[in-house]
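These are the residues of each chain, in order.
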Amino acid sequence: MAYKAPVRDLTFFINEVLEIDRYTNQPGFAELSSDLVTQVLEEGGKFADEVIAPINHPGDKEGCHWADGGVVTGPKGWKEAYQAMVEAGWPSLTGDPEYGGQGMPYILGSAFGQFTAGASAAFSMYPGLTAGAYAGIHANASDELKSKYLPKMGSGEWGGTMNLTEPQCGTDLGMVRTKAVPQGDGTYKISGQKIWISAGEHDFTDNIIHTVLARVEGAVPGIKGLSLFLVPKYLVNEDGSLGERNSLMCAGLEHKMGIHGNATCVMQYDEAVGWLIGEEGRGMNNMFVVMNEARLGTGLQGLAIGTAAYQAAVEFAKDRLQGRSLTGPKNPDGPADPIIVHPDVRRMLMEAKAFVEGGQAFILWTALHADLEKSEDEAVATKAKDYMALLTPIVKAYLTDKGFHVASLAMQVHGGSGYTEHFQASQYLRDARITMIYEGTNGVQALDLVGRKLPANGGRAIMTWFGEIDAFVAEHGGEGTHKPFVDGLAEAKKKLQDGTMWLMQNGMANPDNAGAASTDYLNLFGVTALAYMWAQMAITAQKAIDAGSEDPFYATKIATGRYFVERVLPDADMHLKKMKSGAEVLMALPAEAF
């Protein structure tokens, strides 16, 4: 199976739906045009298809290698592919020009990220983790640290990681034991063990810059006592050259279900030299910059794996001959028809296609708002910041759930062949499963949504969201091809609003009600968000058809959206009814009854 980056789908949404040329007055968009978007994504897609995709399946088979002394090497050909990516300048696409970056908007980097994650989820984690660490350092570190580390991190010459989890704590980071002892010269000695550190050690780069959550000696217990530190694998001299090896190492690699090509490390720090990022006691606040970047990237990754799995399923369904069509042979000269003629196979492929293309759009729409956070228009920036806070848990949880669902559908389309390792369906399913777990499990994302994001600023973000959808429906309501899309969106929004009011009335009285409803509420929000994306895409596609375009792309887009409206959007009713059942039935059994 040959992966193909979905260049046309993404350029359609960026250039035609969002009309990216309208944003040239916003920071970072002055040099961006629809023509440039197309050129960049075509080249990015070619790089993903030709350089990254071919190493994905072999890398899954081989995995990473650990040797005595903590030396880790990647699968055959991965170092060369990474270096080719650096030489081509892809890691610096969205970097700050002050530190050597190209300064392109985040939406463009997000689109390229979908290509690399679809080509190889495990490979994409190496530049992805570096981008997260870069964001945290860029937002909070001193100018001295930024000048010393960001240029080579931004170019991809140096890698980066985030070190949070320890053997005794994952979600509850208040239990972190890694300690930091101040040395009186601006440095700290970092000691402790971190686990599940993606890209923690490898042979792709000359240096790896770790961002490490630790507790300064004598700090208060819990979250408020944590600080964030920059701890390089190799110390960096004043002239920028590499100095001596820091006292840290990879003590071993995790043996995982999937993402075998990424080195998931146990990292041991033994009085390693580190520098404070930001202020003492502000570690979690600073780390959230890294974590939010990673959560958006994880949603992107899960959806991109689904994209690749869907492509593999389509290819298999067109080639595999089994049985005859219920309405008569479609391949009369062959021994059987291709399985794509069967309605239930079509159901799986259409569902996968609807989620994949709707999710691609949702990622890009959210990425645009990440860019608009920098707007000089206070109203635009405030709305964008509110949306980024509100939507991050939905992007992470809903899209990884659906990415895995699509990978499961793709395996089912493959039948028994998919359960073997001869086809890539198995790898996609295995790789997709972790996205629902790391960077905060999807259940935690749902709790974050209902417990923190909804009530923030008096519910301002969700009220703005409802207002935007109401305005869209009012503008585009009426008759025409787009009517089912707009009507479906309006109904889904009403259900989401109903669910929001139920949470306000019942979650405060009994917090278990909020916890019990949280996952269904997040899914209700997710299906509404995709309904909004599909309504926008359908209207744009119809305009192109009305303008005389004979490109079948537009009719296909509308037909796929109709499947979403008719066969997926009804899930909104189910999620609303389930969340309104409350916590009683969930909490009825004593623990010993399980």
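Here is a short report on the structure shown in this document. Worth saying up front: this structure is predicted, and the values here are computed from it rather than measured.

Conventions adopted
- Residues numbered from 1 in each chain as written.
- Predicted model: local features only at pLDDT ≥ 70, side-chain atom pairs only at ≥ 80, totals over all residues.
- Heavy atoms only, no water.
- Helix = DSSP H or I, 4+ residues; strand = E, 2+ residues; numbered from the N terminus.
- Rg over C-alpha atoms; globule rule 2.2 N^0.38 Å.
- Buried < 20%, exposed > 50% of the residue type's maximum accessible area, 1.4 Å probe, protein only.
- Areas by Shrake-Rupley, 256 points an atom, 1.4 Å probe, with all protein chains shown as cover.
- Lys, Arg positive; Asp, Glu negative; His and termini not counted.
- Charge placed at Lys NZ, Arg CZ, Asp CG, Glu CD.
- Contact = heavy atoms within 4.5 Å.
- Arc of directions from axis to C-beta.
- Pairing = 2+ DSSP bridges.
- Salt bridge = Lys/Arg side-chain N within 4 Å of Asp/Glu carboxyl O.
- Axes fitted to C-alpha atoms, helices over the stretch in contact; angles between N-to-C directions.
- Parallel < 35°, antiparallel > 145°, perpendicular 65-115°, else oblique.
- Left-handed = near helix turned anticlockwise from the far one by under 90°.
- Patch = residues over 30% accessible without salt bridge, like charges linked within 9 Å, V, L, I, M, F, W, Y side chains within 5 Å.
- Core = buried A, V, L, I, M, F, W, Y, C linked by side-chain atoms within 4.5 Å.
- Phe/Tyr/Trp six-rings, centres within 6.5 Å; stacked < 30°, edge-to-face > 60°.
- Lys NZ or Arg CZ within 6 Å of the ring centre and 35° of its normal.

The next subject is the overall build of the protein chain. For the protein chain, the count of helices and strands is 17 helices and 11 strands. Against the globule reference of 25 Å for 594 residues, the protein chain gives a C-alpha radius of gyration of 24 Å, in line with a compact fold. Taken over 594 residues, the protein chain has a buried fraction of 57%. For the protein chain, the accessible area works out to roughly 24,300 Å², and carbon and sulfur atoms hold 52% of it. Of the side chains in the protein chain, 49 bear a positive and 71 a negative charge, and the two mean positions are spaced by 5 Å.

Looking at where N262 falls in the secondary structure, it is placed in the loop between β10 (248–253) and β11 (264–277). Residue N262 is classed as buried on the basis of its relative accessible area, which comes to 1%. With near-sequence residues (within four places) excluded, N262 lies in contact with C64, A122, M125, Y126, S198, A199 and K256.

Residue pairs spaced three or four apart in an α-helix point in one direction, given the helix's 3.6 residues per turn. When helix α16 (residues 571–580) is considered as a whole, its buried residues turn out to be A572, H575, L576 and M579. For α16, the angular spread of the buried residues around the axis is 100 degrees, confining them to a single face. After α16 finishes, the residue G582 shows a positive phi value of roughly 80 degrees.

A separate point is the pairing of strand β7 (residues 226–232). With 7 of its 7 residues buried, β7 lies for the most part within the structure. By the alternation rule, side chains of β7 split into L226, L228, L230 and P232 and S227, F229 and V231, which are all buried. With 7 bridges joining them, strand β6 (residues 207–216) and β7 adopt antiparallel strand pairing. By the bridge assignment for β7, H210 is matched with V231. Here β7 pairs with β11 via 3 bridges, running antiparallel. Opposite L230, over in β11, you have W275 as the bridge partner.

The next subject is the pattern of salt bridges. In total, this model carries 27 salt bridges according to the counting rule given. A salt bridge links R347 to D344; the shortest N-O distance between them is 2.7 Å. Here D344 and R347 lie together in helix α8 (residues 343–372), a separation of 3 residues that amounts to about one turn. Owing to a relative accessible area of 29%, R347 belongs among the partly exposed residues under this scheme. The exposure class of D344 is partly exposed, given its relative accessible area of 44%.

For the rest of this paragraph, the subject is the packing of helix α9 (residues 378–414) against helix α11 (residues 442–453). A pair of packed helices can be characterised by two numbers: the angle between their axes and the separation between those axes. Where α9 contacts α11, the two axes come as close as 9 Å, and the packing angle between them is 155 degrees. Considering the angle they form, α9 stands roughly antiparallel to α11. Where α9 crosses over α11, the handedness of that crossing is left-handed. Counting all contacts with α9, which are made through A389, L390, P393, I394, K396, A397, T400 and D401, the residues of α11 involved are N442, Q445, D448, L449 and K453.

It is worth spelling out a nonpolar patch on the surface at this point. The grouping of V585, L586 and M587 at the surface amounts to a nonpolar patch, some 320 Å² of accessible area in total. Mapped onto the fold, M587 is located in helix α17 (residues 584–587).

Next up on the list: the nonpolar core. F362, W365, W465, Y521, F525 and F564 are the most contacted members of the largest nonpolar core, which has 191 residues in total. With 19 residues, helix α14 (residues 511–546) is the single largest residue contributor to this core. The contacts of F525, once residues within four sequence positions are left out, are L390, L391, I394, L449, I462, W465 and L496.

Moving on: the environment of T464. Mapped onto the elements, T464 comes out in helix α12 (residues 460–476). The class of T464 is partly exposed, set by a relative accessible area of 27%. Remark: the alpha-carbon pair of T464 and Y387, spanning 77 residues in sequence, is separated by 8.6 Å.

All right, on to unusual backbone geometry then. Positive phi values are uncommon outside glycine, yet W196 reaches one of about 60 degrees. Counting through the fold element by element, W196 comes out in strand β5 (residues 187–198).

Here we come to helix α1 (residues 7–17). For α1, the buried fraction is high: 9 of the 11 residues fall into the buried class. The set of residues buried in α1 consists of V7, D9, L10, T11, F12, F13, I14, N15 and V17. Along its buried surface, α1 packs onto α2 (34–62), α4 (106–119), α8, α14 and α15 (552–568). Downstream of α1 by one or two residues, E19 has phi in the positive range, about 50 degrees.

Here we take up the packing of aromatic side chains. Going through the model one piece at a time under the given rule, you end up with 20 aromatic pairs. Residues Y387 and W465 carry aromatic rings whose centres are separated by 6.0 Å and whose planes lie at 75 degrees to one another, so their mutual orientation is edge-to-face. Highlighted residues: Y387 in helix α9 and W465 in helix α12, separated in sequence by 78 residues. Here the two residues Y387 and W465 agree in accessibility, since each one is buried. Among the aromatic residues, ring-to-ring pairing joins W365, Y387, W465, F472, Y521, F525 and Y532 into one connected group. In this arrangement the basic side chain of R8 is found over the ring face of Y554, its NZ or CZ atom lying 5.5 Å from the centre.

As far as function goes, none of this settles anything; it's purely spatial.
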